[in-house]
Amino acid sequence: MLFNPKKETFEHLDPRSREIMKKTVEYFESRGKAKLKDDHHERRWYRDFLEFLKENEVFATLLTPKDYVVDGDPDKRWDTFRNCDFNEILGFYNLSHWYTWQVSILGLGPIFMGNNEEVKKKTAQLLKEGGIFAFGLSERTHGADLYSSDMLLTDLGEGKYVADGGKYYIGNANEAALVSTFGKDSETGDYVFFVADPKHENYELVQNVVDWEGYVAEYALNGYPITENEILSKGRDAWDSALNTVNVGKFNLGWGAIGIATHCFYEALNHAANRNLYGKWVTDFPHIKQLFVDSYTRLAAMKLFAQRATDYLRSASAEDRRYLLFNPITKMKVPTQGEEVINHLWDVIAARGFEKDVYFEMAVKDIRSLPKLEGTVHVNMALIIKFIANYFFNPGEFPEIPKRDDATDDTFLFNQGATKGLGKIQFHDYNIAYNSVDLPNVNIFKEQIAIFKDFLVHAAPGPEQAKNIDFLLAVGEIFTLVVYGQLLIEKYQIDKFEDDLLEQMFDFMVRDFSRYALQLYSKADTTEKQMEWCMKMIKKPVDDHERFLRFWNEYVYSLKDTYEMNP
């Protein structure tokens with residue numbers, strides 16, 4: 001279930017993809033933990049990693065859509081299934097290395113979604129040459145508020161323009177081959193996406209805004225000359241490119257969190273299992289077993305949900321946009337669960353988590369960044385709650401989505417269409433999944449769902465509550481759990497994993513449901529009627545001590561000393 005670099009063979013991938021993953025693991029393991037930590041503490045730019053990527057044409061192979069491959073290589077494509085493996089590997093070893101991959105994906109989005117065929121061909125060649133890319137969207141004053149962009153493109157006539165303005169918090173913008181930059185026409189206010197070259201004399205690299213191995217730039221364009229040859233899209237197309245790129249790129253956050261938390265899990269288990277306190281091994285203490293079991297099950301659920309969400313992303317179409325619910329959960333819920341896993345593990349290893357020679361010491365900071373890196377939890381939750389009504393009360397008919405592990409190009413990602421009409425998106429009936437399972441904790445969770453649905457019917461948020469994002473966050477957390485559980489059960493039915501794992505996952509799901517119900521109960525503006533429904537939602541999972549011990553021995557403790565990064 002959990003990624004182990006010492007044992008993973010990547011047999012689920014084709015030969016070329018397998019080669020890339022194995023070489024990437026070898027790159028990190030041969031450098032070793034001491035070098036990893038020293039570079040982290042000294043904040044060294046990862047030049048050797050970029051050389052590795054270039055030498056092996058990693059980004060060219062993984063991030064070139066099939067239609068733009070310049071050398072006819074049949075292994076080059078944009079395949080989200082294998083990209084998730086690469087995501088997880090980079091997160092497992094170092095988030096700064098993951099970050100250069102992540103922001104390259106974001107930078108490539110507006111290019112391959114745009115209308116400029118020549119830039120697409122040029123980009124494919126730059127990928128082959130080892131180029132990285134950047135996504136110039138956010139600004140110092142406005143953040144990622146697209147409406148308020150101060151980057152202005154002024155039309156000089158005869159197909160010539162000049163760009164002026166600044167961008168802030170832009171990864172890779174120090175050495176990107178191209179920087180996809182979002183702005184507005186200074187006269188009409190129409191949106192526009194164009195590419196800029198950091199090597200140009202009118203491109204000012206102001207500063208690195210973070211104290212990190214990576215480079216997260218503030219840059220300015222000062223009278224930067226632009227022609228039609230650099231423009232990717234205009235008007236509504238540029239707006240849609242910005243938001244649709246988020247759908248493609250920010251999905252990666254969940255996988256980065258999975259990688260980080262998995263490495264921390266091994267490190268914490270090895271430490272605790274080999275430490276004796278008061279005449280007992282640390283892993284013999286009941287509360288330590290509980291923390292590890294919760295950590296494992298939350299981590300397994302993160303990965304299983306993200307895998308199933310990938311199936312929907314790869315199967316999406318203009319008629320099936322269910323991925324627009326599952327994607328923000330992958331980029332919001334999965335990383336916040338990663339934080340929770342790290343919190344549990346830190347409670348186990350305590351002061352050891354601060355020491356300079358462990359992976360954990362840098363991971364505890366990195367894991368915090370992911371839910372905040374590409375928009376806050378609030379932003380993603382505001383999107384998620386748009387789907388509540390149709391999800392519960394207006395299901396549609398859809399063909400069953402299979403496991404999507406086929407080695408094909410995900411062409412729809414660059415042809416997602418208009419970004420409006422979210423409230424009209426339908427989903428298949430969630431009861432199909434839940435009714436396929438008859439297990440004690442799943443059944444308790446189904447009772448909680450039924451009560452929550454009644455809450456929405458009989459005690460729905462009023463007009464003022466609907467304007468209060470704090471109140472809606474609590475409602476959204478409960479809704480997210482329902483979706484999370486649905487995809488976990490679908491994955492259970494596809495992979496046929498053990499009942500013990502599903503039951504142990506729903507053990508924490510029942511508890512989380514109760515926790516969020518209590519939070520909703522405690523909000524200042526919750527009505528008496530709503531409070532009554534909240535109390536009904538609070539349930540306790542089944543106490544099955546035999547299953548818990550069996551799970552501890554077979555799933556958790558069996559991983560002791562199975563992975564340690566090379567020194």
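Residues numbered from 1 in each chain as written. Predicted model: local features only at pLDDT ≥ 70, side-chain atom pairs only at ≥ 80, totals over all residues. Heavy atoms only, no water.

Colleague: Looking at this structure, I do not really get the overall build of the protein. What am I missing?
Modeller: Tallying secondary structure elements over the protein gives 20 helices and 10 strands in all. For 567 residues, the compact-globule estimate of 2.2 N^0.38 gives 24 Å, and the C-alpha radius of gyration of the protein, at 24 Å, lies within 12% of that figure. Projected onto its principal axes, the C-alpha positions of the protein cover 75 × 60 × 45 Å. Here the protein, with 567 residues, has 60% of them falling under the buried criterion. (Helix = DSSP H or I, 4+ residues; strand = E, 2+ residues; numbered from the N terminus. Rg over C-alpha atoms; globule rule 2.2 N^0.38 Å. Buried < 20%, exposed > 50% of the residue type's maximum accessible area, 1.4 Å probe, protein only.)

Colleague: I keep staring at the pattern of salt bridges and nothing clicks. Help me out?
Modeller: Side chains that differ in sign of charge can pair as their charged atoms come close. Summed over all chains, the structure comprises 51 salt bridges. One salt bridge in this structure joins Glu 218 and Arg 140, with 3.6 Å as the shortest N-O distance. Placement of the pair is Glu 218 in strand β7 (residues 216-227) and Arg 140 in the loop between β1 (133-136) and β2 (152-157), with a sequence separation of 78 residues. With relative accessibility at 55%, the residue Arg 140 sits in the exposed group. Where Glu 464 meets Lys 467, a salt bridge forms, and the shortest distance between an N and an O atom there is 3.6 Å. Each member of the pair, Glu 464 as well as Lys 467, is classed as exposed. Salt bridges sharing common partners tie together Asp 14, Arg 77, Asp 79, Arg 314, Arg 404, Asp 406 and Asp 410. (Salt bridge = Lys/Arg side-chain N within 4 Å of Asp/Glu carboxyl O.)

Colleague: Please explain the side chain of Asn 252 as it appears in this structure.
Modeller: Mapped onto the fold, Asn 252 is located in helix α8 (residues 252-273). Not counting chain neighbours up to four residues away, the residues in contact with Asn 252 comprise Asn 87, Trp 98, Trp 101, Gln 102 and Ile 105. (Contact = heavy atoms within 4.5 Å.)

Colleague: Is there a simple way to explain the packing of aromatic side chains in this structure?
Modeller: Where two aromatic rings form a pair, the distance of their centres and the angle of their planes describe that pair. Taken as a whole and assessed by the stated rule, the structure comprises 56 aromatic pairs. Here the guanidinium or amino end of Lys 280 rests over the ring plane of Phe 285, the centre of that ring lying 4.8 Å away. If you follow Lys 333 out to its NZ or CZ, it ends over the ring of Tyr 484, 5.7 Å from the centre. (Phe/Tyr/Trp six-rings, centres within 6.5 Å; stacked < 30°, edge-to-face > 60°. Lys NZ or Arg CZ within 6 Å of the ring centre and 35° of its normal.)

Colleague: Would you take a moment to explain the packing of helix α9 (residues 286-314) against helix α17 (residues 469-495) for this structure?
Modeller: When two helices pack together, their arrangement is given by the angle between their axes and by how far apart the axes lie. Interhelical geometry of α9 versus α17 gives an angle of 85° and a closest axis separation of 9 Å. Taken together, the axes of α9 and α17 lie roughly perpendicular to each other. The residues of α17 that touch α9, namely those facing Ala 301, Met 302, Leu 304, Phe 305, Gln 307, Arg 308, Ala 309, Asp 311 and Tyr 312, are Val 483, Tyr 484, Leu 487, Leu 488, Glu 490, Lys 491, Ile 494 and Asp 495. For the contact of α9 with α17, a count of residues per class yields 11 nonpolar, one polar and five charged. (Axes fitted to C-alpha atoms, helices over the stretch in contact; angles between N-to-C directions. Parallel < 35°, antiparallel > 145°, perpendicular 65-115°, else oblique. Nonpolar A, V, L, I, M, F, W, Y, C, P; charged D, E, K, R; others polar.)

Colleague: Please clarify how the environment of Asn 431 should be interpreted in this entry.
Modeller: Position of Asn 431 among the secondary structure elements: in helix α14 (residues 431-434). Spatially, the C-alpha atom of Asn 431 lies 23 Å from that of Thr 297, the residues being 134 residues apart in sequence.

Colleague: I would appreciate a short explanation of the environment of Trp 98 in the present structure.
Modeller: Looking at the secondary structure, you find Trp 98 in helix α5 (residues 95-113). C-alpha separation for the pair Trp 98 and Asn 252, spaced 154 residues apart in sequence, amounts to 9.4 Å.

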